[in-house]
Amino acid sequence: MTTTIITLTSLSLLLLLFHPLLTKSQPGRTNPPSSASQGQWRLLQSNLGISPMHMQLLHNNKVVMFDRTDSGRSNLTFSDGRCRFDPDDTQLQIDCTAHSVLYDVTTNKIRPLTIQTDTWCSSGAVLPNGTLLQTGGFHDGDHVVRMFTPRYGDDDNNDWVEYPDYLNRRRWYATNQILPDGRVIIVGGRRQYNYEFYPSDSKLYWLDFLRETRDGRNENNLYPFVHLLPDGNLFIFSNTRSILFDYDGNRVLTEFPEIPGGDPRNYPSSGSSVLLPLVENATAPTSIEVVEVMVCGGAPQGAVRSARAGEFARAISSCGRLRVSDRNPNWEMETMPLERVMGDMLLLPTGDVIVINGAGRGTAGWENGREPVTAPVIYRPSAPQIWRFSVMAASPTARMYHSSAILLGDGRILVGGSNPHVFYNFTGVLYPTELKLDAFSPPYLSPAYDPVRPRIVGVRAAAAPAAVRGYGEEIRVSFCVTRYLTRSAVSVRIVAPSFTTHSFAMNQRMVVLRIVDVKQKASDMYTVTVVGPSTAEIAPPGYYMMFVVHAGIPSSCIWIKLQSR
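Before going into details, it helps to say that this report is about the structure given with it.

What counts as what
Residues numbered from 1 in each chain as written. Predicted model: local features only at pLDDT ≥ 70, side-chain atom pairs only at ≥ 80, totals over all residues. Heavy atoms only, no water. Core = buried A, V, L, I, M, F, W, Y, C linked by side-chain atoms within 4.5 Å. Buried < 20%, exposed > 50% of the residue type's maximum accessible area, 1.4 Å probe, protein only. Helix = DSSP H or I, 4+ residues; strand = E, 2+ residues; numbered from the N terminus. Contact = heavy atoms within 4.5 Å. Lys, Arg positive; Asp, Glu negative; His and termini not counted. Salt bridge = Lys/Arg side-chain N within 4 Å of Asp/Glu carboxyl O. Polar contact = N/O pair within 3.5 Å; in protein donor to acceptor, adjacent residues only side chain to side chain. Pairing = 2+ DSSP bridges. Axes fitted to C-alpha atoms, helices over the stretch in contact; angles between N-to-C directions. Phe/Tyr/Trp six-rings, centres within 6.5 Å; stacked < 30°, edge-to-face > 60°. Lys NZ or Arg CZ within 6 Å of the ring centre and 35° of its normal. Disulfide = S-S within 2.5 Å.

Some points on the nonpolar core
One finds Tyr 173, Ile 494 and Met 546 to be the most contacted residues of the largest nonpolar core, which totals 72 residues. Here this core gets 4 residues from one element, more than from any other, and that element is strand β37 (residues 490-496). Not counting residues within four places of it along the chain, the set of residues in contact with Tyr 173 comprises Trp 120, Cys 121, Gly 189, Arg 190, Leu 222, Tyr 223, Pro 224, Tyr 267, Tyr 401 and His 502. The next biggest cluster of nonpolar side chains, apart from the first, holds 59 residues, and it includes Leu 276, Met 510, Val 512 and Cys 557.

So, the side chain of Arg 469
With respect to the helices and strands, the residue Arg 469 is situated in strand β35 (residues 468-469). Lacking a salt bridge, the buried Arg 469 has Glu 473 as its closest oppositely charged neighbour, with an N-O distance of 6.0 Å. A polar contact of 3.4 Å, which involves the side chain of Arg 469, links it to the backbone oxygen of Val 459.

A short note on the sheet that holds strand β22 (residues 292-296)
Taken in spatial order, the 4 strands make up an open sheet running β20-β22-β23-β24, and their pairing is antiparallel. Pairing within the sheet leaves two strands with one partner each, and these edge strands are β20 (272-275) and β24 (331-335). On average, adjacent strands in this sheet sit at an angle of 20° to one another, irrespective of strand direction. Here strand β23 (residues 318-323) pairs with β24 via 5 bridges, running antiparallel. Each residue of the ladder has a partner; that of Ser 318, found in β24, is Thr 335.

Remarks on the sheet that holds strand β16 (residues 225-228)
The sheet built from 4 strands is open, its strands ordered β16-β17-β18-β19 with antiparallel pairing. Lying at the two open borders of the sheet, with one neighbouring strand each, are β16 and β19 (251-255). Taking each pair of neighbouring strands and ignoring which way they run, the sheet shows an average axis angle of 30°. Across 5 bridges, the pairing between strand β17 (residues 234-238) and strand β18 (residues 241-246) is antiparallel. Its bridge partner being in β18, Leu 234 is matched across the sheet by Phe 245.

Section: the packing of aromatic side chains
How two aromatic rings sit relative to each other is set out by the distance from centre to centre and by the angle between their planes. In total, this model carries 28 aromatic pairs according to the counting rule given. A centroid spacing of 6.0 Å and a plane angle of 85° characterise the contact between Phe 237 and Trp 331, whose relative ring orientation is edge-to-face. With a gap of 94 residues between them, Phe 237 in strand β17 and Trp 331 in strand β24 connect regions that are remote in the sequence. Residue class for Trp 331 comes out buried when judged on its relative accessible area of 10%. Clustering of aromatic rings is evident, with ring pairs tying together Trp 120, Phe 138, Trp 172, Tyr 173, Tyr 223, Tyr 267, Trp 366 and Tyr 401. Above the plane of the ring of Trp 120 lies Arg 68, whose end atom (NZ or CZ) is 4.4 Å from the centre. The ring of Trp 172 has Arg 190 lying over it, and the distance from NZ or CZ to the ring centre is 4.7 Å.

A word on the pattern of salt bridges
A full pass over the atoms with the stated rule returns 26 salt bridges. Note that Glu 219 is salt-bridged to Arg 190, the shortest N-O span being 2.7 Å. Remark: Arg 190 occurs in the loop between β13 (184-187) and β14 (194-198) and Glu 219 occurs in the loop between α3 (208-212) and β16; sequence separation between them is 29 residues. Arg 190 sits in the buried class, given a relative accessible area of 15%.

Focus on the environment of Asp 80
Among the secondary structure elements, Asp 80 is positioned in the loop between β3 (62-66) and β4 (84-85). A relative accessible area of 52% places Asp 80 in the exposed class. For the pair Asp 80 and Thr 535, spaced 455 residues apart in sequence, the C-alpha to C-alpha distance is 47 Å.

Overview of the state of the cysteines
The tally for this structure, following the rule as stated, stands at 2 disulfides. Two residues, Cys 83 and Cys 96, share a disulfide whose sulfurs are 1.8 Å apart. Disulfide Cys 83 to Cys 96: torsion about the S-S bond roughly 90°, handedness right-handed. Of this pair, Cys 83 sits in the loop between β3 and β4 while Cys 96 sits in the loop between β5 (94-95) and β6 (100-104), and the two are 13 residues apart along the sequence. Here Cys 296 engages in a disulfide with Cys 319; their sulfurs sit 2.0 Å apart. Between Cys 296 and Cys 319 the sulfur-sulfur dihedral comes to about 115°; the bridge is accordingly right-handed. Residue Cys 296 is found in strand β22, and its partner Cys 319 is found in strand β23; the two are separated by 23 residues along the sequence. In this structure, Cys 296 and Cys 319 share a single accessibility class: buried. Indicated for the protein chain is the disulfide connectivity 1-2, 3-4, based on numbering the bonded cysteines in sequence order. With no disulfide of its own, Cys 557 has Cys 480 as its nearest cysteine by sulfur position, at a separation of 17 Å.

Below is the structure:
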């Protein structure tokens, strides 16, 4: 008994001293520079062959990455002599190099994929069946829909399938969002003040809000931030303004207050945005009491014009939180410890937000950024305001324009890309085209927290085939943990993997599931019973990563599929 007490006491001290997710860091205190306080970087590939500006994790734990076809030859030649023949390409009509790869997270290996038409600055979403839907791009690719369907086991013959002229309008710098009925809405794009759906209904729907928020030649209305809200409507943010939008009725229901400061947040001023975690209510199971959107970073008014003239304005350091569920929503503003433009905001399994990549000066666009911001920041939404931000370990690699980042199922952040040049350019430039692939491990992955780290060993649901879950169903999740603390330290969360490009992680969302019970089954084995999401508006159908979080430390995920019964 004495040994057990000593061990638990030591563990408690360890958590109190080093766990940034459990403790209230004292202002001005410098945490020890260790993986337990500032995370850790690891180089995965020194030469990926391409510089991925788009990334999507699939439910077989493989990542589709791609850049563009009109930047010249990549550094990855097809070994089987395959070539792309495209008489409309602006650079190479015959190209025997790859511009897309499939990355296997488990084996750390890549396989080249074939893209026929230009995917530059395109958009994407994963369909309910797990297929990646990829839309638009530039030039001969701007009306194209592409599909990539994941397979288990031998993927050697799996590749992109393209559908030319599928889209009603050119979709270049557009945003995609999966909807409760499994459709995908495709919003905006350069000089496109409208939206359409996949599957297509052959109609085009006008959205004047996108025209109203354009800053002339500077634009600042591209890649609008689109979030599906639990009431089934869309939150759309463009430039400095945001609306609640009924996409089926083609109606603006509400215009929210303008974000304070008057500085643009969308491409090319390129801030970022997340929908903060949705928590299923224990007392009113079909409601989400708090729905909140966060927008961070960007560039000040006039920064695009200044950058084109060789003057690089300091990036924006402010973040805004808007509780759209309030009767009279207003922005709550905060200040990041580092100014940042072209950063990526991602939800971590803990419900915290990581802000990663980007620059301290300038804007998105060719040669328009300066002063790489290599240190990620983790933001804790539920902490007191003065303790919400923590600066993490800096990356050795600059990730500027055309970089991307996604959350992996083991809790790491995969980071790639950065090519601020018209073509691949490795010498004689300030920021060479980047082909390395890195992973950042947040502090919760430190071995120091292994005693409280849960490991999922099984998931069961009544009358459900393996991995398939219905809305509102009870789900029993079995997990092991060496040092169990209390029931209140346990939560179960599902996360939709994002399609990330140009500082926005499309379709990203987290739902914290309602807990019914936690029971001990053996000395280190526990079963937590939760209720699946109440509605498809809260969690659209498709594949999700499920995490058990214990004492602020997440498990690796298992994949589940949500579908109506």
